[in-house]
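# What the coordinates show
If you want the building blocks of each chain, they are given just below.
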Amino acid sequence: MRVMKIGLYAISDLHLSLSSDKPMDVFGEQWNNHHERIRENWIKKINDKDTVLIAGDVSWSMKMEDGLADLEWIHNLPGRKIISKGNHDYWWGSISKLNNLYEDISFIQNNFFSYEDYAICGTRGWTIPGDKSSSHDIKIYNREQIRLKLSLDKAVSSGYSKIIVMIHYPPVNDKFEASNFTEIFEEYGVEKVIYGHLHGPSLNRVFEGTYNGVEYIMTSCDYINFDPIKVI
């Protein structure tokens, strides 16, 4: 008898546009029919018992009703899905409404979900402030730290000590310097951080590997060849 192994996978930046005309091939020919490539790779390796983390930029839709076609596409793929918000997810509405849409899709916002003995936490994140950052950017950067801590605190108060975080933006700047986000990860003993956001020429500044006890994993579609990668 074949024993089905349960795995945890990750991918981000699906940039779906099933209800609108927003082709991604303007960013390079590697994006031609990218949603079909994702689907083909997904169903080859992921079964209904697996869990897939999707770290933001799910859909180009501006409104919730338009984004439902993209969410339905994800729903029809095998496995449980946990989604965090990206900078292009303008369709993202009430978190309670989102979490009542599908039994197999969970959305993170000031909350967490579990995978075996791990807590899956997260937030969108933001560009790491620099010398030319606006007050608006700094305000959002600070707010995202609060949201991240809310997610982590709920996990810790529920008894979890093994934590994986999903954050859409890179948690370091262009020089790979530490940020308030990386300090929070280390403070809470986070094991792994899943992130995306970077595409094209920006992929030359991917931050990966283990630093101060935290493993950083980059999951943008075009970086992982539109093929979900195994995290655990």
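Residues numbered from 1 in each chain as written. Predicted model: local features only at pLDDT ≥ 70, side-chain atom pairs only at ≥ 80, totals over all residues. Heavy atoms only, no water.

Looking at an unreviewed UniProt entry, one finds the chain named 3',5'-cyclic adenosine monophosphate phosphodiesterase CpdA, with Clostridium colicanis DSM 13634 as its source organism.

## A look at unusual backbone geometry
Although it is not a glycine, His15 sits at a positive phi angle of roughly 45 degrees. Note that His15 resides in the loop between strand 1 (8-11) and helix 1 (34-45). Residue His15 is classed as buried on the basis of its relative accessible area, which comes to 3%. At His197, a position not held by glycine, the phi torsion is positive, near 80 degrees. (Helix = DSSP H or I, 4+ residues; strand = E, 2+ residues; numbered from the N terminus. Buried < 20%, exposed > 50% of the residue type's maximum accessible area, 1.4 Å probe, protein only.)

## Comments concerning the pattern of salt bridges
In the structure shown here, the tally under the stated rule is eight salt bridges. Between Asp174 and Arg205 there is a salt bridge, with its nearest N and O atoms 2.9 Å apart. Taken as a pair, Asp174 in the loop between strand 7 (162-167) and helix 5 (180-187) and Arg205 in the loop between strand 8 (192-195) and strand 9 (209-211) lie far apart in primary sequence, 31 residues in all. The exposure class of Asp174 is exposed, given its relative accessible area of 54%. A relative accessible area of 27% places Arg205 in the partly exposed class. The residue Lys192 makes a salt bridge to Glu215 at a minimum N-O spacing of 2.7 Å. Placement of Lys192 in strand 8 and of Glu215 in strand 10 (residues 214-218) is noted, with a sequence separation of 23 residues between them. The exposure class of Lys192 is buried, given its relative accessible area of 13%. Through salt bridges with shared partners, one network takes in Arg124, Glu144 and Arg147. (Salt bridge = Lys/Arg side-chain N within 4 Å of Asp/Glu carboxyl O.)

## Looking at the sheet that holds strand 10
Strand order in the open sheet formed by six strands is 5-6-7-8-10-9, and the pairing between neighbours is mixed. Each edge of the sheet is formed by a strand with only one pairing partner; in this case those strands are strand 5 (113-115) and strand 9. Strand-to-strand twist of the sheet, defined as the mean angle between neighbouring strand axes without regard to direction, takes the value 30 degrees. Sheet topology note: the strand 8/strand 10 ladder contains four bridges and is parallel. Bridge pairing in strand 10 places Lys192 opposite Glu215. The strands touched by helix 4 (residues 135-157) within the sheet are strand 6 (118-123) and strand 7, with strand 6 carrying the most contacts at an inclination of about 165 degrees. Sitting on the sheet, helix 5 is in contact with strand 7, strand 8 and strand 10, with an inclination near 130 degrees to strand 10. (Pairing = 2+ DSSP bridges. Axes fitted to C-alpha atoms, helices over the stretch in contact; angles between N-to-C directions. Contact = heavy atoms within 4.5 Å.)

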